[in-house]
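A closer look at the structure
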Amino acid sequence: LWNSSHLFQNSEEATLFLGTLDTIFLFSYAVGLFVSGIVGDRLNLRWVLSFGMCSSALVVFSFGTLTEWLHFYNKWFYCCLWVVNGLLQSTGWPCVVAVMGNWFGKAGRGFVFGLWSACASVGNILGAFLASCVLKYGYEYAFLVTASVQFAGGVVVFFGLLTSPKEVGLPELGADEDEASVEEDANRPLMGNDDVDDDDQNYSIQATDNDNQPKAIGFFQACCLPGVVLYSLAYACLKLVNYSFFFWLPFYLSSNFGWKEAEADQLSIWYDVGGIIGGTIQGLISDVLQKRAPVLAVSLLFAVGSLFGYSRSPNSKPINAVIMAITGFFIGGPSNMISSAISADLGRQDLVKGSSEALATVTGIVDGTGSIGAAVGQ
């Protein structure tokens, strides 16, 4: 498509349009994240997630496959489809983090979420592999295969996903702690010296209704939770760098070193491999230390050096792959931690009494702010 004379006069014009597509996708994705998090806390997570996956797959199919089969090429049509795709894909991450937060508590969350958040990197690897395998038949088949896999995943989610333990009769996370708290309150004297500060000590953003079912918190209430704004701004800076690699690495390898597109796609997976290892190891270290910020800070300091080293990488595929993996370790690792484990920490802090109805909203805010930074980077 990008070499087609139907749209572009030269490669520079094609590159500019690619950057434009990435930018409008990420801005629409960011807007969608802010909304999807709120929706996910109020509707069934399984419905929201499966709808987003299946409808996004149809848009991707229309974008890359249907337009080629019909020989219909129009820049504005591509842009509109990619805006819709960004909005639909934004339903994914807030919902899946909320589901994971429903099943796994704070103990070991850094390791569990660090390992689980590798799902995005594994998806990148599989997507690059599938696309490179069918590119020789035409680019439209790369869109067809990936859209088919995504649609099938949405169907599996709709019929098979269990969003919380209560769906199978298990107690929700934090139930034991809540019961202990209730028993402690019942044994308190009716009057005491601590009554003066009682409102401050028991303050919660979420009000408890008569059925003891916590309500979803609002957008601005979620923004006021401690750490949400700061981690959101940090993630905006980090995602800017991470998505520059995510979107442009194969193009950079192909244009800078003259490697074939299929080879560049396959080599770029080493960045994701580094991110998988980095997220898992750094999450485990943060569990041992019971602090996540120091691990992030140290990793990002090393990331500066690895970025400098990668910019000086020679025209050698093995050396490039090694430095690329190291860079992914120090950039992809912290990115996975903030978008998963830390978002779950923020959405389950004591101020909201561990309610899952804050998880998707907080995750949407963090990831949405990060996507704005990534869009600026494009």
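A short tour of the structure in this document, coming up. (Residues numbered from 1 in each chain as written. Predicted model: local features only at pLDDT ≥ 70, side-chain atom pairs only at ≥ 80, totals over all residues. Heavy atoms only, no water.)

Focus on the packing of aromatic side chains
If you walk through the whole model with that rule in mind, you get 23 aromatic pairs. Both rings, one in Phe245 and one in Tyr271, keep their centres 4.7 Å apart while their planes meet at 5°; by these two values the pair is stacked. On the criterion of sequence distance, the pair formed by Phe245 in helix H11 (residues 228-257) and Tyr271 in helix H13 (residues 269-289) is long-range, its members being 26 residues apart. By the burial criterion, Phe245 is buried, and Tyr271 matches it. (Phe/Tyr/Trp six-rings, centres within 6.5 Å; stacked < 30°, edge-to-face > 60°. Helix = DSSP H or I, 4+ residues; strand = E, 2+ residues; numbered from the N terminus. Buried < 20%, exposed > 50% of the residue type's maximum accessible area, 1.4 Å probe, protein only.)

Focus: helix H16 (residues 359-377)
With 19 residues, H16 ought to run about 27 Å at 1.5 Å a step, and its terminal C-alpha atoms sit 27 Å apart, in line with that. Of all 19 residues in H16, 16 are buried, a share of seventy percent or more. (Expected span 1.5 Å × (residues − 1).)

Quick word on the environment of Ile217
Inspection of the secondary structure puts Ile217 in the loop between helix H9 (198-201) and helix H10 (219-223). Ile217 sits 145 residues away from Val362 along the chain, and the two C-alpha atoms are 9.6 Å apart.

Some points on a nonpolar patch on the surface
A cluster of nonpolar residues, Leu66, Trp69, Leu70, Phe72, Phe77, Tyr137 and Tyr141, forms a patch on the protein surface that exposes about 710 Å² of accessible area. Here Phe72 is to be found in the loop between helix H2 (45-69) and helix H3 (75-89). Looking at Phe72, the relative accessible area reads 40%, which means it is partly exposed. (Patch = residues over 30% accessible without salt bridge, like charges linked within 9 Å, V, L, I, M, F, W, Y side chains within 5 Å. Areas by Shrake-Rupley, 256 points an atom, 1.4 Å probe, with all protein chains shown as cover. Salt bridge = Lys/Arg side-chain N within 4 Å of Asp/Glu carboxyl O.)

Details of the nonpolar core
With 30 residues, the main nonpolar core has Leu249, Leu253, Met324, Ile338 and Val362 as its most contacted residues. The set of elements that each furnish at least two residues to this core consists of H11, helix H12 (261-267), helix H14 (293-311), helix H15 (317-347) and H16. Among the elements that make up this core, the one with the highest residue count is H15 (8 residues). Sequence-distant contacts of Leu253, that is, excluding residues within four places in its chain, are made with Gly258, Trp259, Ala264, Leu267, Ser268, Tyr310, Asn320 and Met324. Residues Leu26, Val60, Phe143 and Ala374 belong to the second largest nonpolar core, which totals 23 residues. (Core = buried A, V, L, I, M, F, W, Y, C linked by side-chain atoms within 4.5 Å. Contact = heavy atoms within 4.5 Å.)

Thoughts on the packing of H15 against H16
In contact at an axis separation of 9 Å, H15 and H16 are set at 130° when each is read in the N-to-C sense. Classed by the angle they form, the pair H15 and H16 counts as oblique. Judged by the sense of rotation from one axis to the other, the crossing of H15 with H16 is right-handed. The residues of H16 that touch H15, namely those facing Ile338, Ser339, Ser343, Ala344, Leu346 and Gly347, are Leu359, Val362, Thr363 and Val366. (Axes fitted to C-alpha atoms, helices over the stretch in contact; angles between N-to-C directions. Parallel < 35°, antiparallel > 145°, perpendicular 65-115°, else oblique. Left-handed = near helix turned anticlockwise from the far one by under 90°.)

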